[in-house]
Structures are given as C-alpha cells and as structure tokens.
Amino acid sequence: MRSIGARHPVRIIGLGNLFRGDDAAGLLAARRLKDLVGDRAEVIEAELAGLDVLDLMAGAPAVFLIDAARSGRPAGTIHRLDASAGPISGDLFPHSTHVLNAVDAIELGRTLGLLPPCVIVYGVEVGDTTAGSALSPAVAGALGQVVERVLRELEGITCTSGS
Amino acid sequence: MSESKGTNTRTIAVDMIARVEGEGALRVTVKDGTVQDVELRIFEPPRFFEAFLQGRHYSEVPDIVARICGICPVAYQMSAVHALEQIFGLQVDGALRDLRRLIYCGEWIESHTLHVYMLHAPDFLGYASAIAMAKDHPEMVTRGLRLKKAGNALMTLLGGRSVHPVSVKVGGFSRVPLRRELEGLKEELLWARDAAVETVRWVAGFDFPDFAQDYTFVALRPSDEYPFNEGPIASSGGVNISAVEFEQHFREEQVSYSTALQCSFNGAGYLAGPLARLNLNADRLSPMAKQTLADTGLALPLRNPFHAIVARSVEILYAIEETLRIIDSYEPPPSPSVPVTVRAGTGMACTEAPRGILYHRYRVDGDGLIREAKIVPPTSQNQRRIEEDLRAYMPRVLDLPNKQAALGCEKVIRCYDPCISCATHFLKLDIQRDG
C-alpha cells in the first residue's frame with residue numbers, strides 16, 4: 001500500500017472497515033483493483049479514513065472513491081456519482097464509521113476549492129454492517145461489477161453523471 | 001426528524017444526531033413539564049472485539065484493536081500493549097517510551113482538531129456543519145485542516161499511515177524513525193504551535209451557556225508529566241488507584257434500554273476526557289499551554305461541559321509542545337523493540353484516549369494466546385454523565401419547538417465528542433412529552 005504522501009495522477013481510494021461486514025465493500029473493491037490496474041492508477045486502501053480523504057485526493061486530477069452506501073435500495077445496488085458535476089447527496093452515505101464521511105470530505109473540499117477536477121464516487125449499497133458480520137452475497141457479487149466499471153472508466157476517464 | 005402527537009404525548013424523533021460518530025438513540029421522557037427519564041441507547045453488539053480476540057496470538061492484538069475506532073486507534077493499541085507488557089514483565093522506557101508519547105500526541109492533535117474545528121465549533125458559531133461554516137469562515141476551516149494534518153504527519157511517520165497505524169507492537173515498534181525524519185516535521189510543527197495558541201484564543205471567545213455541573217473528574221495523573229500512557233487513576237474526590245484496581249472501583253452494568261454496558265465509578269456517574277484531564281493535571285501542562293490557558297481568564301476547575309472545546313484546544317497545544325520537546329531530545333533507540341518472553345498471566349492498563357481513560361485487561365496462556373479480553377472505552381464511561389447532563393439541560397429547551405429542543409440536546413452530547421462507534425454506529429434522538 002502506498003502511503004498518504006505518495007502521488008499519482010489517477011487515484012482509486014477504497015474506504016471501509018474490514019470488521020463490519022458489508023461496510024468493507026469499498027476497501028475490498030480497492031484490494032481487487034490493486035492487482036488489475038497496473039501503473040494506470042494508484043490504489044489506496046483507506047481503512048477507517050474520513051476527512052483524510054481530502055489529503056488522499058490532494059493533487060490528483062482524477063479520483064475514484066469507493067465506499068459503502070445506504071439509501072434503502074437493495075444490498076448490492078451500485079451508485080455512481082460524479083462529484084465534479086456538482087454537490088452530491090449525503091443521503092446515500094448517512095452512516096459511515098468515519099467521523100466525517102467521504103461525502104462530507106468531498107463537499108468540504110468543494111467549498112474550500114480543494115476538490116480535484118474529476119471525482120467519481122462509487123457507492124455499494126450495504127446490508128449488515130454490524131461488527132463481526134460477514135460480507136453479504138449481494139455485496140460480494142457487486143464488488144466484481146464495481147471493479148469492472150472502474151477499470152472501464154480508467155480507459156477513458158470522463159466525468160459525466162449516470163448510474 | 002419526525003414528530004407524532006397522542007392525546008397527551010408528543011414524540012420527537014431525530015434520525016441521526018449530526019456530527020456524532022456512531023449509532024444509538026437518545027430517548028427523553030417528559031411529563032407535566034418535568035424530565036422523567038433520559039436514556040442513551042446503544043444498539044451494537046458491544047462485545048464483538050472482546051470475543052474476537054479470544055484465541056488470537058498476543059502479537060495480533062495491536063492490529064486488531066486498532067480497528068475498533070478510526071479516530072483513536074493509537075489509544076486502543078497503547079492500552080493493549082501496556083496491559084500485555086505487564087503480563088510479560090516488560091519495561092519499555094527511554095526513547096521507545098518517548099516515541100509512544102509522540103504517536104499519542106499525533107492522535108490527540110488529529111482527533112481534537114477534528115472535533116474542535118469540524119464538529120464542535122459550528123455549534124458555537126451557528127452553523128449546521130463544518131461545510132456550512134467553511135463558506136463564511138474558510139480561513140478557520142483551512143487552519144483546522146492544516147493543524148490536523150500536522151497530527152496526521154506524526155501518525156504516518158510513527159504508525160506507518162495516518163489511520164489504523166501498523167507499527168505499534170508489544171515491546172515497542174516494528175520500525176522507529178530516524179532523527180532527520182522527525183526533524184523534518186519541525187517547521188510545520190512550529191507553525192502548528194502558533195496555530196494552536198490561536199485556536200485556544202478563538203474558542204475561549206465563544207459564547208458559553210451558563211451550565212456548570214457538579215462532576216467527579218477521573219483521569220490518569222502521573223507524578224511528573226501530562227498523562228498519556230501511564231499514571232495512577234485519580235479522581236477529584238481524592239481516589240488514587242492503579243489500573244490493576246480499576247474493576248474494583250469501576251463497574252460496568254447492563255441497562256435495559258441498551259446493548260452496551262454503562263460504567264459507574266464507586267456507584268456514580270463520572271466525567272472522563274479533556275475537561276477531567278485538564279482539571280486534574282493543569283500543573284503538568286507545558287509552559288505555553290499553561291500560559292495560554294491562563295490568558296483565557298477561565299478559572300479551574302472547569303465545570304461547564306461546553307468548555308470542553310477549550311480543554312481540547314489547550315491539549316492540542318500541549319501535544320504540539322510535547323512533540324517538539326521529544327523531537328529535540330530524540331536519539332534513536334538501539335532497537336525498535338525490546339524482546340518479549342511469553343508467560344501466562346493477566347494484565348491491566350489504562351491510557352488516556354482523546355475522549356478519556358481507556359481500560360484493557362487481558363488473560364494470556366503460556367503459548368501467548370489471548371484467553372480473555374475486557375475493554376472499557378471512554379464513551380461508555382461517559383454515557384451516564386451525558387444522561388445526567390441532559391437531564392439538567394432539558395428544562396432549558398422544553399419550551400422550545402421540537403427541532404430546537406433536539407438541537408439543544410445534540411449540542412450537549414457533542415461536548416463529549418462521543419466516539420460511539422467504539423461500541424456502535426448512529427445516534428437517534430427521541431423526546432417523548434406526556435402532559
């Protein structure tokens with residue numbers, strides 16, 4: 001894993017807590033991507049990070065952020081948000097184990113002019129996130145799709161809305 | 001937030017208390033204008049980590065407990081290694097002891113700055129969030145971010161990364177920094193020291209509600225330094241005990257409305273954390289921290305929970321001064337850790353997490369496997385005091401519209417910087433009015 005000080009123009013940041021079941025979705029997706037992206041991007045497993053996401057993004061023209069989401073949709077649903085296009089809703093990420101969650105960090109960065117030009121957020125809808133729970137089959141299945149979509153986007157990075 | 005009305009009952013439900021880490025709920029029952037009951041409920045299976053540690057090798061413990069909390073992983077690691085070292089008869093001193101204080105300084109700077117600037121200051125300045133505050137006060141939020149980063153840099157250098165540090169081990173560290181690596185942090189730390197002084201002045205000028213409470217303060221009180229890793233547990237009532245005696249005085253009890261345990265000290269609620277630490281250890285502060293606190297004109301002991309933001313800011317300044325002191329005197333130790341000889345036994349330790357004393361007890365067998373683990377986090381210790389504060393505060397907000405009443409409760413809770421994720425995930429607020 002690269003340290004926080006490392007710099008690469010394209011960064012993939014996965015968030016989560018390995019001990020909280022589906023909450024680990026972003027972290028596990030990043031772990032898979034690490035073996036697949038080669039030198040196309042720097043992959044950062046940011047376990048338990050919150051506001052630190054701002055530092056992790058700093059200086060990168062393009063960032064992919066992958067985190068657990070909870071909006072009431074079925075577990076395994078994948079959300080894609082283009083934070084570069086405008087403010088993104090915190091409603092998708094209301095319960096982070098992080099003090100200020102990734103969306104808070106992004107919006108604080110936007111207010112202070114610290115947001116990279118291109119920030120794509122992938123949210124994986126979670127089920128059980130209590131301590132000690134296992135990754136659900138639905139989220140495990142979604143990880144492969146997130147990995148594929150991020151890899152596809154890496155081929156020609158664009159910042160357009162969609163889901 | 002939702003509201004429902006029965007014949008004589010009104011219920012306010014706030015889905016989540018903003019800027020409080022964790023999951024739980026606060027239920028307040030009001031009858032004929034008088035607060036009947038205040039219950040802080042926690043939903044998480046609270047003892048997962050204690051069970052998870054059983055059967056694990058002692059060497060895995062620092063890495064596992066670091067994942068209990070994203071905000072105070074060092075505290076969990078430190079209480080763990082001290083308890084385990086007690087079992088193995090290890091004494092970690094000299095430069096390794098200093099480095100442990102140093103990484104704890106990094107955590108305090110990070111955690112306290114996050115709370116002061118991003119979570120608590122918006123309450124005093126009338127903003128719903130740091131994001132809203134940043135629109136009007138970008139220079140303040142930017143200063144907070146930079147100050148927090150000074151803590152991050154320490155954590156990254158000593159712990160291998162800024163969150164979930166990986167270098168702490170029983171006996172010391174897996175790697176210790178070079179002198180020039182620490183020297184490289186100094187320039188920014190000197191800026192941070194000035195910024196911390198400004199922070200104390202800034203927050204001391206906030207408007208504080210007149211809300212002094214009769215607290216029993218509990219904190220470590222070492223003989224010759226401000227507390228991080230060591231020292232007897234002292235109380236404002238004159239109790240002075242070692243961590244070995246913790247469970248004789250501090251009792252965890254199950255309450256019917258929560259799956260988490262609530263802690264009491266000799267049968268009563270008590271206050272742990274920055275206010276308690278400062279009140280019991282002000283004479284141990286570094287020179288600039290001591291002077292800057294004196295310049296605020298605030299008289300000790302501070303008994304108003306809203307003054308916790310001042311205590312946190314003074315501790316940021318202390319942690320930066322302590323960091324500079326340690327860096328200036330640092331000579332790398334001959335080895336990054338002292339050798340461990342495993343033996344069976346039970347060990348206990350208390351260290352000062354940013355939110356207050358954190359107690360660990362472990363029983364280890366002759367193969368170095370954990371047979372029993374007990375962890376008492378500061379937030380569960382303060383829960384009872386939060387309830388008591390809310391009971392005292394509620395009359396001030398009862399006549400307000402529901403939304404403002406709920407906000408008032410949130411502000412009281414936030415004074416404690418409750419890291420409820422140590423035991424849980426969210427906080428919901430429910431005020432039930434009857435009559």
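The structure this text deals with has already been given above.
Within each chain, residues carry numbers counting from 1 in the order of the written sequence. Here chains are named by letter from A upward and ligands by number from 1 upward, in the order in which they appear as written. Where totals are concerned, whole chains, interfaces and linings use all residues; where local detail is concerned, this predicted model gives features only for residues with pLDDT of at least 70, and gives and counts side-chain atom pairs only at 80 or more.

## With respect to the sheet that holds strand β14 (residues 370-376) of chain B
All names here are of chain B.
Here comes step 1: The 3 strands lie next to each other as β12-β13-β14, forming an open sheet whose pairing is antiparallel. Each end of this open sheet is capped by a strand with a single partner; those strands are β12 (345-353) and β14. Neighbour-to-neighbour, the strand axes of this sheet turn through a mean angle of 15 degrees, independent of strand direction.
Here comes step 2: By the convention used here, strands pair only if DSSP detects at least 2 bridges between them. Strands are runs of DSSP state E lasting at least 2 residues, helices are runs of H or I lasting at least 4, and numbering of each runs from the N terminus. The pairing of β12 with strand β13 (residues 356-364) spans 9 bridges and is classified as antiparallel. Note on β13: the bridge partner recorded for Gly345 is Val364.
Here comes step 3: Any pair of residues counts as being in contact when their C-beta atoms, constructed from backbone geometry, are within 7 Å of one another. What counts as an axis is a line fitted to C-alpha atoms, over the stretch in contact for a helix, and the angles between N-to-C directions run from 0 to 180 degrees. Helix α13 (residues 378-397) contacts β12, β13 and β14 of the sheet and is inclined by roughly 130 degrees relative to β13.

## Some points on the sheet that holds strand β2 (residues 42-47) of chain A
Residues and elements named next belong to chain A.
Here comes step 1: With respect to topology, 5 strands assemble into an open sheet ordered β2-β1-β3-β5-β4, the strand pairing being mixed. Edge strands, defined here as strands with exactly one partner in the open sheet, are β2 and β4 (78-82). Recorded for the sheet is a direction-independent mean angle of 20 degrees between the axes of neighbouring strands.
Here comes step 2: When β4 meets strand β5 (residues 118-125), the two strands line up antiparallel, connected through 5 bridges. Paired with His79 across the two strands is Gly123, which belongs to β5.
Here comes step 3: In the packing of helix α4 (residues 137-155) onto the sheet, the strands contacted are β1 (10-16), β3 (62-69), β4 and β5, and the crossing angle to β5 comes to about 165 degrees.

## Focus on unusual backbone geometry
A negative phi angle characterises most non-glycine residues, just as the trans form characterises most peptide bonds.
Residue and element names in this part refer to chain B.
Here comes step 1: Residue Pro301 follows Leu300 across a cis peptide bond; omega there is -5 degrees.
Here comes step 2: Along the polypeptide, Pro301 turns up in the loop between α11 (287-295) and α12 (308-329).
Here comes step 3: Of note in the backbone geometry, Asn266 takes a positive phi value of approximately 50 degrees without being a glycine.
Here comes step 4: To sort residues by burial, count the other C-beta atoms lying within 10 Å of each one's C-beta; a count of 20 or more means buried, 12 or fewer means exposed, and anything in between means partly exposed. C-beta atoms are built from the backbone. A count of 13 C-beta atoms within 10 Å places Asn266 in the partly exposed class.

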